[in-house]
Amino acid sequence: MNDLNRYSFPFAKYPAIRIALLFGGGIVVGSYFDTPLYVLVGIFSFVAVLIFSLELKLSNKLTPGFHRASVATYLILTFLAGAAWQTLQESNSRPKSADILQAFTWETAEFNGTVYNIKPTSTGKYQLDIAVDTTVLDDSIPWREAYNLRAVLDPEEDRMPEELELGSGIHFTATVYPLEGPRNPHQFDYKAYLHSQNIYTQVGIESIYSVRKNNTLFSWNNLRQAVLDQIEESFSPTTQSLAKALLIGYKNELGREQKIAFSRVGLSHIMAVSGLHVGFIVAPFWILIPWFWTLRYGKQIGLFLLVLLLLGYAGLTGFSASVCRASLTVGFITFGRLFHKVRNSLNLTAAAAIILLLINPNDLFSPGFQLSFSAVYIILLTLPVIERWIPTWIRFRWYGTPVMVVIVSIAVQLGLFPLLTYHFGEFSLIGPLANAVVVPPLGIIVPYALLLLLVAALFPTVGTSLNFPNQWFLEGLNHFTQWASSLEWSWIQLHIDSPHFFLIWITALLAFSVLYIPRLRWKMLAALLLLLTVQSGNRFFNSLQPAELKITVFDVGQGDAALVSTPNDKHFLVDTGRWSPDYNSAKYIILPHLRAEGIDKLDAIFLSHPHADHIGGTIELLHQIPIDTIYNSGYPYDSQLYHKYHQLATNKSVPVKSLSAGDEVTMDPAVQLLVYGPSTQKGSDPNEHSLVLELTYGQTEFLFVGDAGKSQERRLLNQFGDMIDTDFLKVGHHGSKTSSSSLFMKTATPEVSVVSLGRSNRFDHPHLQAVRRIKRNSRQTAFTSLQKALIFASDGTNIRRVEW
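Because the structure is predicted, anything quoted here is derived from the model rather than measured. (Residues numbered from 1 in each chain as written. Predicted model: local features only at pLDDT ≥ 70, side-chain atom pairs only at ≥ 80, totals over all residues. Heavy atoms only, no water.)

Enquirer: What should I look at first to understand the overall build of the protein chain in this one?
Expert: Along the backbone of the protein chain there are 30 helices and 24 strands. Computed over its C-alpha atoms, the radius of gyration of the protein chain comes to 31 Å, within 12% of the 28 Å expected for a compact globule of 804 residues. C-alpha extents for the protein chain along the principal axes are approximately 100 × 75 × 60 Å. Put simply, the protein chain has 804 residues, and 48% of those count as buried. (Helix = DSSP H or I, 4+ residues; strand = E, 2+ residues; numbered from the N terminus. Rg over C-alpha atoms; globule rule 2.2 N^0.38 Å. Buried < 20%, exposed > 50% of the residue type's maximum accessible area, 1.4 Å probe, protein only.)

Enquirer: What should I look at first to understand the nonpolar core in this one?
Expert: Nonpolar side chains in soluble globular proteins tend to end up buried together. Within the largest apolar cluster, 75 residues are counted, with the highest numbers of intra-cluster contacts made by Phe-111 and Phe-172. For this core, the element with the most residues is helix H18 (residues 431–458), which contributes nine residues. (Core = buried A, V, L, I, M, F, W, Y, C linked by side-chain atoms within 4.5 Å.)

Enquirer: I would appreciate a short explanation of the pairing of strand S22 (residues 780–783) in the present structure.
Expert: Walk down a regular strand and you will see the side chains alternate between the two sheet faces. In this structure, strand S21 (residues 752–755) lies alongside S22, joined through four bridges in parallel fashion. Among the inter-strand pairings, Val-755 is bridged to a residue of S22, identified as Phe-783. In terms of handedness, the path from S21 via helix H29 (residues 768–776) over to S22 forms a crossover that is right-handed. (Pairing = 2+ DSSP bridges. Right-handed = clockwise from strand over helix to strand, strands pointing away.)

Enquirer: Even after reading the chapter, I still don't get the packing of aromatic side chains, so can you show me in this structure?
Expert: Two numbers describe a pair of aromatic rings. These are the distance of the centres and the angle of the planes. Summed over the entire model, instances satisfying the criterion amount to 26 aromatic pairs. Geometrically, the ring pair formed by Trp-106 and Tyr-177 is tilted, given 5.6 Å between the ring centres and 50° between the ring planes. Of the two residues, Trp-106 is situated in the loop between helix H5 (96–102) and strand S1 (108–120) and Tyr-177 in strand S4 (residues 169–177); the sequence distance between them amounts to 71 residues. The exposed category is assigned to Trp-106, whose relative accessible area is 60%. Seen from the ring of Trp-491, Arg-264 lies directly overhead, with NZ or CZ sitting 3.7 Å from the centre. Here the basic side chain of Arg-388 rests over the ring of Tyr-516, its NZ or CZ set 3.8 Å away from the ring centre. (Phe/Tyr/Trp six-rings, centres within 6.5 Å; stacked < 30°, edge-to-face > 60°. Lys NZ or Arg CZ within 6 Å of the ring centre and 35° of its normal.)

Enquirer: Looking at this structure, how should I read unusual backbone geometry?
Expert: Leaving glycine out, the prevailing phi sign among residues is negative, and the prevailing peptide bond configuration is trans. With an omega of 10°, the peptide bond between Gly-677 and Pro-678 qualifies as cis. Take Pro-678: it is sitting in the loop between strand S17 (671–677) and strand S18 (692–697). With an omega of 0°, the peptide bond between His-765 and Pro-766 qualifies as cis. For Pro-766, the position within the fold is in the loop between S21 and H29. At His-734, a position not held by glycine, the phi torsion is positive, near 60°. One can find His-734 in the loop between strand S20 (728–730) and helix H28 (742–748). Using a relative accessible area of 2% as the deciding quantity, one classes His-734 as buried. Backbone geometry places Lys-788, a non-glycine residue, at a positive phi of 65°. Relative to the helices and strands, Lys-788 is located in the loop between helix H30 (784–787) and strand S23 (790–794).

Enquirer: Is there a simple way to think about the packing of helix H10 (residues 275–293) against helix H12 (residues 321–338) in this case?
Expert: For any two helices packed against each other, the geometry is given by the interaxial angle and the distance between the axes. At their nearest, the axes of H10 and H12 sit 10 Å apart, and the two run at 20° to each other. As summarised for this structure, H10 and H12 are arranged roughly parallel, according to the angle between their axes. By crossing handedness, the relation of H10 to H12 is classed as right-handed. Contacts between H10 and H12 involve Gly-275, Val-278, Val-282, Phe-285, Trp-286, Ile-289, Pro-290, Phe-292 and Trp-293 on the former and, on the latter, Val-323, Ala-326, Ser-327, Val-330, Ile-333, Thr-334, Arg-337 and Leu-338. Of the residues contributing to the contact of H10 with H12, the split by class is 13 nonpolar, three polar and one charged. (Axes fitted to C-alpha atoms, helices over the stretch in contact; angles between N-to-C directions. Parallel < 35°, antiparallel > 145°, perpendicular 65-115°, else oblique. Left-handed = near helix turned anticlockwise from the far one by under 90°. Contact = heavy atoms within 4.5 Å. Nonpolar A, V, L, I, M, F, W, Y, C, P; charged D, E, K, R; others polar.)

Enquirer: Would you explain the side chain of Thr-784 in this entry?
Expert: In this fold, Thr-784 is placed in helix H30. Taking relative accessible area as the criterion, Thr-784 reaches 0% and is therefore assigned buried. Not counting chain neighbours up to four residues away, the residues in contact with Thr-784 comprise Arg-183, Val-553, Phe-554, Asp-555, Val-755, Ser-756, Leu-757 and Leu-790.

Enquirer: Sorry if this is basic, but what is going on with a nonpolar patch on the surface here?
Expert: There is a patch of nonpolar side chains on the surface, built from Leu-288, Trp-291, Leu-295, Tyr-297, Ile-301, Phe-304, Leu-305 and Leu-308 and spanning about 800 Å² of accessible area. Counting residues per element, the ones that place at least two in the nonpolar patch are H10 and helix H11 (298–316). Top element by residues in the nonpolar patch is H11. It accounts for four residues. The exposure class assigned to Ile-301 is partly exposed, which follows from its relative accessible area of 40%. (Patch = residues over 30% accessible without salt bridge, like charges linked within 9 Å, V, L, I, M, F, W, Y side chains within 5 Å. Areas by Shrake-Rupley, 256 points an atom, 1.4 Å probe, with all protein chains shown as cover. Salt bridge = Lys/Arg side-chain N within 4 Å of Asp/Glu carboxyl O.)

Enquirer: It is not clear to me how the environment of Leu-381 should be interpreted in this structure. Could you clarify?
Expert: Along the chain, Leu-381 turns up in helix H14 (residues 367–389). Ignoring any residue separated from it by four or fewer positions in sequence, one finds Leu-381 in contact with Leu-346, Leu-510 and Ser-513.

Enquirer: Explain the sheet that holds S21 to me, please; I cannot follow it from the model alone.
Expert: Within a sheet, each strand pairs with its neighbour through backbone hydrogen bonds, oriented either parallel or antiparallel. With mixed pairing, seven strands are arranged side by side in an open sheet as S16-S17-S18-S19-S20-S21-S22. Edge positions in the sheet fall to strand S16 (664–665) and S22, since each of these pairs with one other strand and no more. Seen against the sheet, helix H27 (residues 710–720) touches S17 and S18 and runs at an angle of roughly 120° to S17. On top of the sheet, H29 reaches S21 and S22; it is set at about 140° to S22, its chief contact.

Enquirer: What am I meant to see in the layout of surface pockets here?
Expert: A probe as big as a water molecule, rolled over the atoms, marks out the empty space that is left. Estimates place the volume of the second largest pocket at around 610 Å³. Residue lining of the second largest pocket: 23 residues in total, with Leu-309, Leu-316, Leu-450, Leu-451 and Leu-454 positioned closest to the centre. Of all the secondary structure elements, the ones that give two or more residues to the lining of the second largest pocket are helix H7 (220–234), H10, H11 and H18. Tallied by class, residues from the lining of the second largest pocket come to 21 nonpolar, two polar and no charged. (1 Å grid on protein atoms, 1.4 Å probe; cavity = no way out; pocket = protein on both sides within 12 Å on 5 of 7 lines; lining within 4 Å. Points joined across faces, edges and corners; volume = space filled by probe spheres on them.)

Enquirer: What is the right way to look at the sheet that holds S4 in this model?
Expert: Around the barrel, which closes on itself, the five strands sit in the order S1-S2-S3-S5-S4 with mixed pairing between neighbours. Neighbour to neighbour, the strand axes of the sheet diverge by 50° on average, direction disregarded. Sheet topology places S4 next to strand S5 (residues 202–212); nine bridges connect them, and they run antiparallel. The residue of S5 that forms the bridge with Val-176 is Val-203.

Enquirer: What's the story with the confidence of the model for the protein chain in this structure? I'm lost.
Expert: Close reading of the predicted structure is inappropriate where its pLDDT is low. Overall, the prediction assigns the protein chain a mean pLDDT of 89, with 97% of residues at 70 or greater. Counting contacts from residues 1–5, a segment whose pLDDT is below 50, to residues more than four positions away or on other chains yields one contact. (pLDDT = per-residue confidence, 0-100.)

Enquirer: Looking at this model, I keep getting lost on the side chain of Thr-349. Mind explaining?
Expert: Topologically, Thr-349 is positioned in helix H13 (residues 345–359). Note on Thr-349: relative accessible area 0%, which makes it buried. If we ignore the near neighbours within four places in the chain, the residues touching Thr-349 are Thr-329, Phe-373, Val-376, Tyr-377 and Leu-380.

Enquirer: I keep staring at the environment of Ile-605 and nothing clicks. Help me out?
Expert: Note that Ile-605 resides in strand S13 (residues 604–607). Ignoring anything within four residues of it in the chain, the contact list for Ile-605 reads Leu-573, Thr-576, Leu-621, Ile-627, Thr-629, Ile-630 and Tyr-631.

Enquirer: Can you help me understand the pattern of salt bridges in this one?
Expert: When charged atoms on two side chains of opposite charge get close, those side chains can pair. Per the stated rule, a full pass over the model turns up 15 salt bridges. The salt bridge partner of Glu-180 is Arg-759, with a shortest N-O separation of 2.0 Å. Highlighted residues: Glu-180 in the loop between S4 and helix H6 (190–196) and Arg-759 in the loop between S21 and H29, separated in sequence by 579 residues. The class of Glu-180 is partly exposed, set by a relative accessible area of 35%. Since its relative accessible area comes to 48%, Arg-759 is described here as partly exposed. The partner of Lys-730 in a salt bridge is Asp-560, with the nearest N and O atoms 2.8 Å apart. Placement of Lys-730 in strand S20 and of Asp-560 in the loop between strand S8 (549–553) and strand S9 (561–565) is noted, with a sequence separation of 170 residues between them. A single burial state applies to Lys-730 and to Asp-560, both of which are buried. Among the charged side chains, a network of salt bridges with common partners joins Glu-180, Arg-183, Asp-555 and Arg-759.

If you want it as structure tokens, here you go:
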């Protein structure tokens, strides 16, 4: 009786899921552990030979135990295969052209190729992705090697050719730029992003010799350009960019604010052109499947049309990774229905994932891959349970579908919660409602709009006249997203990167999906309770550890910015980095870090002096995050940036207070914050009237001196003497010879000295004389130009360097 009631999970029913999980696990291990390829291949070969030999020898004496051991061994082989495949791909991923061009960094070369992507940037420049076929380096013989590069065109230096479009040939000279990884924690990894696009070289265009029209009979670039042109003719200027994004995933013309609005309303996925769009495109085909069954070669004809449909739409979107993923998954499921095969969606989705990982194992780490497959599995796992909860009198009424859309949307949003907060630092609270309003009409709008584009190409007047519903819908969508994103409660900012939290969330999702399988339900609930208990224990253990003060010195180039996080979760900045007409440190470095760390408010900003390399990010910060108080040196300065931040602070009711020597600022009772400077307001150099701060936490001291020069250093020594002695010194004026005098350094005697500066800067910082004085009187010396951003933590007794 007990055997009859015992539930056994049908693992054999889901072979693709097992293989995908183990193969993916192997990819993770291969990526994070630097195991030589020959070691992995050797282990794989040994295990494979061993199991095959045993199976041959014991083929007539198989026992249940041996069978289970064989299955486990095959699974281990799958895991090892994933690790070996990832390691192999990593070793072969970088093309030789990248290494050759890297040797010519900051030198000029000549290129010839075909443009396959054009993107205007927020700074007025253009990014051109080019498939290069010929390169001339150092006036040498033409080098005919195919590779991709990204070229940056500044219209102020060379105009943007009007005839340039997708598929155009281009011949130009450009300077080869270095490509580096992130220099700050949580900074966008532009290098890795380009690598994911198969681009390993970036150049700056100096001169365009010629632009050639692509006269080939057919190319995907030409077809895509023709569709983009047709959209411009069919839609008004206010909706063209949104139509291009919505229909074929061309987001290059969307403004930054528009992208942010869609993200905060939880609708950014509708512009990614993924499973949702492919589903809309294939839906009419599903209706025709029963008709194909009636034809003699109907299944074969249907398969041919399905491939043509999916391939054509993927080509229109530029074969984006999201559409390829969706096309493969939807193609498998539709093939199963067409040929009366077993249509287990869980298995077929896993099979699509395996194929994609075989093509490119690094897809596993892309947000698009993770979100796409996670969303599909959330729907597949939770939908059966949700359907059992919805009464039949609701499900089969006209409002049943909208109700299901709302509920499934909520399930998907909640299920994706950890991934969304991990990758983007935001979570949309209004997302389920927005999806319920927008997604159902999209099922009609997307296929209808694509069909009208074809009609308009043949009969322009007819296509344009019938396009008014699409025009009205996009205008309404724009207004709705702008309104919804402006609501204070529509989204929240937070960041989750705890692996334990992800485990808890996945277990909770699985527990929900097996609610109607009693035996499995209690096992999953027990696992969930165990994980929650471990989490509580971990929190209790962490609460027993000494609270820490953390200081992050950002690498902002030739400027200064440091974040201080106190033991009681107070956060303030000492300077805000650089500013230039097309760049500020807050936008690209400080704010991404704050969001990733879950910091949604700054308790203070201390501005050492009013130069642009120290106050550069203040305006962006005032726009993007609540700030309690801004403190400065009180030195008046006549610059547009200085006046603008003062005016903006007034408009936002953020007090701006001046500090001077002898003041004390209290934010956290565990930390003492004393002001040592400025002491006078004489002279014309703002550097010599820098705000000088000393933080004391327990027995550790931290000194920030802004751009103080030798004159202010003498005043500090005369007024405070040995109080200048410190454990951590944020070195003054980027290592200039006019700062860090011998007497000042001998008095400060820091354990750690940090110099913030840019590599190859026009001031030739750091000066050799200053470096010698700093190193002579410091136990450790660090430079952001060499070591990137630096993080230090203090438990009140010792200061330690934290790796990121």
